[in-house]
Amino acid sequence: MINNKHLIVPFLGEGIDKVVISAWHVSENQSFQQGDDLVEILADKAIFDLPAPESGMLTRILYQKDQEVVVGQAIGVYK
Amino acid sequence: MPQSLNSPCSCLVQDLGAVTYDLGYQAQLRAFHDVLHGAPNVLILCEHFPVYTVGRSGKDGNFLCSAAEIQKLGACKILVNRGGQTTFHGPGQLVVYPIFSLNHFGRDLKLFITKNEQVVIDLLQDFGIVANRILGSTGVWVAHQKIASLGFGVKKWITFHGLGLNVNTDLRFFDMIKPCGLDIQMTSIKNQLGRPIEMDQIKKQIIFQFQQQFSLDFLK
């Protein structure tokens, strides 16, 4: 599976270490374009929609709604 | 590409005056669309007619009264797509919506929030009010009373929603809720000084403080 890439929770600033996934905007096996909102996360007093870094297809969701994850963690797989 | 937080960037100010929450939100969406397509950042200033807004983390338990009582106050309740819990907006409260591309500010959301807090802290200092942050409770506080609440949304690295600063707000509206889900008291500039302050004066000051904190170049 050489083409598989991880969708990572980005660095959002010093002091935001953990975030909560509040909604997935795409489902597994759904295609997306670069810049599309993929997942909504709660960080501090903000909701943050993570835009797709490139066009592709979400092959696997690793963490579901309401799960807490840390910055830098892979939350999905796409190709 | 993210740019340095210290390089000046252009910004437009939109003063909407007193508007419904919905009209304010429509203005945010228009500004968001413009910024997304390369227009300058936008700083929207307004006051809202009485409204309770519930953010993504809001809970039913944040309300200490019935829907009928809210209606009796001439207010309404709206679910909104920002972070945080429940708050109140109304006459005498300055609401600021910075529609900023975080690409201009190093894509640093935490720093953006911190700078919004600092805008308020520095503004209050000009009025002789000592305000602070409380670790783990985003917002601006005077001792243990909250004077400004913050809640943001970020899409495509562009911010929306913003902050509410109690200037001459009728604080009794906050008695109906647990502001931000907390058992706290709210305060206002009027409460702290013992006299009301002209909203236009606060607007001028907050524009200046945003310019200082974010190195903004305001366009006429």
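As shown above, the structure is provided for reference.
What you see is a predicted model, and the numbers here were worked out from it, not measured in a lab.

Can you walk me through the overall build of chain A in this structure?
Helix and strand content of chain A: 0 helices and 8 strands. Along chain A, helices (α) and strands (β) appear in the sequence β-β-β-β-β-β-β-β when read from the amino end. A compact globule built from 79 residues should have a C-alpha radius of gyration of about 12 Å, and chain A, at 12 Å, falls within 12% of that. On the principal axes, the C-alpha backbone points of chain A span a range of 35 × 20 × 20 Å. A buried classification covers 46% of the 79 residues belonging to chain A. For chain A, the computed accessible surface area is about 4100 Å², with 47% contributed by carbon and sulfur atoms. Distance between charge centroids for chain A: 6 Å, based on 6 positive and 11 negative side chains.

Explanation requested: the layout of surface pockets in the structure shown.
Over the atoms a probe the size of a water molecule is rolled, and this reveals where empty space is left. In this structure, the largest pocket occupies an estimated 670 Å³ of space. If you go around the largest pocket, you meet 27 residues; those closest to its centre are Asp-44 and Lys-45 of chain A together with Gly-136, Ser-137 and Thr-138 of chain B. Of all the elements in the fold, those that place two or more residues in the lining of the largest pocket are strand E2 (18-24) and strand E4 (37-43) of chain A together with helix H3 (109-126), strand E7 (132-134) and strand E8 (137-142) of chain B. In this structure, the second largest pocket spans a volume of roughly 180 Å³. In this structure, the second largest pocket is lined by His-6, Leu-7, Ile-8, Pro-10, Leu-50, Pro-51, Ala-52 and Pro-53 of chain A together with Arg-107 and Trp-157 of chain B. Sorting elements by how many residues they give to the lining of the second largest pocket places strand E1 (residues 5-8) of chain A first, with 3 residues.

Just to check I follow, could you spell out the pattern of salt bridges for this structure?
Any two side chains of opposite charge can pair, on the condition that their charged atoms come close. For the coordinates displayed, the defined rule picks out 11 salt bridges over all chains. One salt bridge connects Lys-155 of chain B with Asp-37 of chain A, and the closest N-O pair in it is separated by 3.0 Å. Of this pair, Lys-155 of chain B sits in strand E9 (residues 145-155) while Asp-37 of chain A sits in strand E4, which puts the two residues in different chains. On the accessibility criterion, Asp-37 of chain A (17% relative accessible area) is buried. Through salt bridges with shared partners, one network takes in Asp-37 and Asp-49 of chain A together with Lys-155 and Lys-156 of chain B.

Is there a simple way to think about the sheet that holds strand E4 (residues 76-79) of chain B in this case?
In any sheet, the strands associate via hydrogen bonds between backbone groups, in a parallel or an antiparallel arrangement. Residues and elements named next belong to chain B. Here 3 strands make up an open sheet; going across it, the order is E4-E3-E5 and the pairing mixed. Of all the strands in the sheet, the pair left with one neighbour each is E4 and strand E5 (86-89). On average, each strand axis in the sheet is tilted by 25° relative to the strand beside it, whichever way the strands run.

Could you clarify how one ought to interpret empty space enclosed by the protein in this entry?
Residue and element names in this part refer to chain B. As enumerated under the stated definition, the model contains 1 cavity of 30 Å³ or more in all. Roughly 150 Å³ of volume is contained in the largest cavity. Surrounding the largest cavity, 19 residues form its lining, Arg-82, Thr-87, His-89, Gly-151 and Gly-162 being those nearest its centre. Elements with a minimum of two residues in the lining of the largest cavity: E5, strand E6 (93-99), E9 and strand E10 (158-166). In terms of residue count, E10 provides more of the lining of the largest cavity than any other element does, 4 residues in total. Looking at the lining of the largest cavity, its residues break down into 6 nonpolar, 11 polar and 2 charged.

Quick notes on the rules
Residues numbered from 1 in each chain as written. Chains lettered and ligands numbered in written order. Predicted model: local features only at pLDDT ≥ 70, side-chain atom pairs only at ≥ 80, totals over all residues. Heavy atoms only, no water. Helix = DSSP H or I, 4+ residues; strand = E, 2+ residues; numbered from the N terminus. Rg over C-alpha atoms; globule rule 2.2 N^0.38 Å. Buried < 20%, exposed > 50% of the residue type's maximum accessible area, 1.4 Å probe, protein only. Areas by Shrake-Rupley, 256 points an atom, 1.4 Å probe, with all protein chains shown as cover. Lys, Arg positive; Asp, Glu negative; His and termini not counted. Charge placed at Lys NZ, Arg CZ, Asp CG, Glu CD. 1 Å grid on protein atoms, 1.4 Å probe; cavity = no way out; pocket = protein on both sides within 12 Å on 5 of 7 lines; lining within 4 Å. Points joined across faces, edges and corners; volume = space filled by probe spheres on them. Salt bridge = Lys/Arg side-chain N within 4 Å of Asp/Glu carboxyl O. Pairing = 2+ DSSP bridges. Axes fitted to C-alpha atoms, helices over the stretch in contact; angles between N-to-C directions. Nonpolar A, V, L, I, M, F, W, Y, C, P; charged D, E, K, R; others polar.

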